Amino acid sequence: MKKQLLITAIAGFMGLSFNVSADENAFNDGDKAVEYRQKALSVMKENFSAMAAMVKGEVEYNADFFQRRADDFEKMSSIPWSGFAVEGAMPGDNSDALTAIWDNWEDFQQRANDLQEYAAKLSEVSQQGSIDSIKPVFMDAAKTCKGCHDNYKD
């Protein structure tokens, strides 16, 4: 009885350790990491584009809508970066990422951190509801996106 209890406990711990390891990443290989980061960046782009249309005056400013998009953009701003750090996730046929990312890893990480900071500021300032207070922060985030795209995206 004790032996069976010990075997059951060991099996349970092995299963638990497998689940913890499996949960460390949302992906388990380079291709999945590329897909993960691309999807996260796509969601960020859609939210940012909706805000950009209001900042540019292409659509009427809606404070509630803008705030929801800014909040979602902030939430997503920390998501894609782990998809660049997985072995085998360097660019290939299925990615527009340039090898310059990995050649200039510290700069790339700093730009990702800067974007997260601007995303948090944008979410915060959007709560005030004033497009005039939003525009400068939005433009800082936009410049950060563009700078990264100029250097690290094909």
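Residues numbered from 1 in each chain as written. Predicted model: local features only at pLDDT ≥ 70, side-chain atom pairs only at ≥ 80, totals over all residues. Heavy atoms only, no water.

1. Observations concerning the confidence of the model for the protein chain
Here is step 1: Per-chain confidence: the protein chain averages 85 in pLDDT, with 82% of residues scoring 70 or above.
Here is step 2: For residues 1-23, every residue scores under 50 in pLDDT, and the model assigns this stretch 0 contacts once sequence neighbours within four places are set aside. (pLDDT = per-residue confidence, 0-100. Contact = heavy atoms within 4.5 Å.)

2. Description of the packing of helix α2 (residues 30-55) against helix α3 (residues 63-76)
Here is step 1: Interaxial distance between α2 and α3 falls to 9 Å at its minimum, and their mutual angle equals 150°. The angle between α2 and α3 falls in the class roughly antiparallel. The crossing of α2 and α3 is left-handed. Side by side, α2 and α3 meet where Ala40, Val43, Met44, Asn47, Phe48, Ala50, Met51, Met54 and Val55 of the first sit next to Phe65, Phe66, Arg69, Ala70, Asp72, Phe73 and Met76 of the second.
Here is step 2: Considered class by class, the residues forming the contact of α2 with α3 number 13 nonpolar, 1 polar and 2 charged. (Axes fitted to C-alpha atoms, helices over the stretch in contact; angles between N-to-C directions. Helix = DSSP H or I, 4+ residues; strand = E, 2+ residues; numbered from the N terminus. Parallel < 35°, antiparallel > 145°, perpendicular 65-115°, else oblique. Left-handed = near helix turned anticlockwise from the far one by under 90°. Nonpolar A, V, L, I, M, F, W, Y, C, P; charged D, E, K, R; others polar.)

3. Considering the layout of surface pockets
Rolling a probe over the atoms, with the probe sized like a water molecule, indicates the empty space that remains.
Here is step 1: Roughly 730 Å³ of volume is contained in the largest pocket.
Here is step 2: Elements with a contribution of two residues or more to the lining of the largest pocket: α2, α5 (105-126) and α6 (131-152).
Here is step 3: Per-element tally for the lining of the largest pocket: the top contributor is α2, with 8 residues.
Here is step 4: Residue composition of the lining of the largest pocket, by class: 15 nonpolar, 6 polar and 6 charged. (1 Å grid on protein atoms, 1.4 Å probe; cavity = no way out; pocket = protein on both sides within 12 Å on 5 of 7 lines; lining within 4 Å. Points joined across faces, edges and corners; volume = space filled by probe spheres on them.)

4. Topic: the nonpolar core
Here is step 1: Membership of the largest hydrophobic core comes to 32 residues, with the highest contact counts inside it found for Met51, Phe66, Leu122 and Phe138.
Here is step 2: Taken together, the elements giving at least two residues each to this core come down to α2, α3, α4 (100-103), α5 and α6.
Here is step 3: Among the elements that line this core, the one with the most residues is α6, at 9 residues.
Here is step 4: Counting 5 residues, the second-largest nonpolar core is a separate cluster that includes Phe27, Ala33, Val34 and Val86. (Core = buried A, V, L, I, M, F, W, Y, C linked by side-chain atoms within 4.5 Å. Buried < 20%, exposed > 50% of the residue type's maximum accessible area, 1.4 Å probe, protein only.)

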